[in-house]
Amino acid sequence: MNRLLSIELQKIWKNRASKVLTITYFVLLTFIALFAAIKFDIGPFKLHLAEEGIFNFPYIWHFNTYFAALLKIFLAVVIVSMMANEYSYGTLKQNLIDGMSKKEFIQSKFITVVVFAGISTLFIFIVSLILGLIYSSFNEVSIIFSDLEYLLAYFVKLVGFFSFCLFLGILIKRSAFALGFLLFWNIIEGIIIGVLNFSIFPDDDTDRMFTQFLPLESMSNLLVEPITRLKIVKSIGDQVGIENLKDYGVHPLGITIVLVWTAIFIFLSYKIIKRRDL
């Protein structure tokens, strides 16, 4: 396992574009701390985000993982490019000639995906813990380490999304077309959700029984937006008569669906490599 991971990390680090994107991704993750400095002062309306509780434990785990997940496209580009470069530079064929099996090749890619997701999760944990210890109004140990399931959801979401990107990179070979297909599939899911929600099941939430099994939608459902959980947003909603019925929890079914999709993407990736004439 260490040998396979070492090979993949060397490939990524020696590629200038991948190295820049990876560093940029983790730099941007640290910019979450800048939310603490955001202040709005417009006449009688004053808002300081840090004072509104966005860094309070345990809410910070939900808030930071949600916004950090929005940056996953940077590593997605790295994952897709990593696969495209295998074909462009002939390293895939050379690895097989050197004795690496096709199964080991897919294992090396998946291990890299898991490591990227794991490091990102650990990074968010550390950043969130520091920000929480500085700004949170609640510092009891039991409160600090509650709701850590959002970190699990974040990790599973990244593994699932990167596995999808890996599959597209293997299937399509060219990074630009693979990323284009990722966007196209996102639009397709949006159309499916819209048709089910507004045309077939307009009066209830039955559409969610079906849409929760779509790959990108299932990943999205792991971390529901946290903004409407803020007291100031709830207060505004109550004043204008908007009732918030969202479920912000992390559920085993949602985790399971994404893990199943992850397994499917890795299995299909292996099947493509196994059958393809390289």
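The structure under discussion appears in the preceding block.
Residues numbered from 1 in each chain as written. Predicted model: local features only at pLDDT ≥ 70, side-chain atom pairs only at ≥ 80, totals over all residues. Heavy atoms only, no water.

Engineer: Account for the overall build of the protein, naming residues and giving values.
Structural biologist: Scanning the protein from N- to C-terminus turns up 13 helices and two strands. Counting the 278 residues in the protein, one finds 41% classified as buried. Within the protein, contacts between residues at least 6 apart in sequence are counted, and of these 80% link residues at least 24 apart. Summed over all atoms, the accessible surface of the protein reaches about 14,800 Å², with 66% contributed by carbon and sulfur. (Helix = DSSP H or I, 4+ residues; strand = E, 2+ residues; numbered from the N terminus. Buried < 20%, exposed > 50% of the residue type's maximum accessible area, 1.4 Å probe, protein only. Contact = heavy atoms within 4.5 Å. Areas by Shrake-Rupley, 256 points an atom, 1.4 Å probe, with all protein chains shown as cover.)

Engineer: Outline the environment of glutamine 212, supporting the account with residue identities and numerical values.
Structural biologist: Structurally, the position occupied by glutamine 212 is in the loop between α10 (207-211) and α11 (215-221). Glutamine 212 gets classed as partly exposed once you look at its relative accessible area, which sits at 23%. For the pair glutamine 212 and glycine 254, spaced 42 residues apart in sequence, the C-alpha separation works out to 7.8 Å. Not counting the four nearest positions on each side in its chain, glutamine 212 is found in contact with Ser218, Asn221, Leu253 and Ile257. Side-chain polar atoms of glutamine 212 contact the backbone oxygen of methionine 209, separated by 3.5 Å. (Polar contact = N/O pair within 3.5 Å; in protein donor to acceptor, adjacent residues only side chain to side chain.)

Engineer: Any details on unusual backbone geometry? Residues and values, ideally.
Structural biologist: With an omega of -5°, the peptide bond running from phenylalanine 57 to proline 58 counts as cis. Checked against the element boundaries, proline 58 lands in the loop between β2 (45-48) and α3 (59-69). Even without a glycine there, the phi angle at aspartate 147 is positive, about 65°. Of note, aspartate 147 is situated in the loop between α7 (141-144) and α8 (149-172). Phi is positive for lysine 173, which is not a glycine, with a value near 80°.

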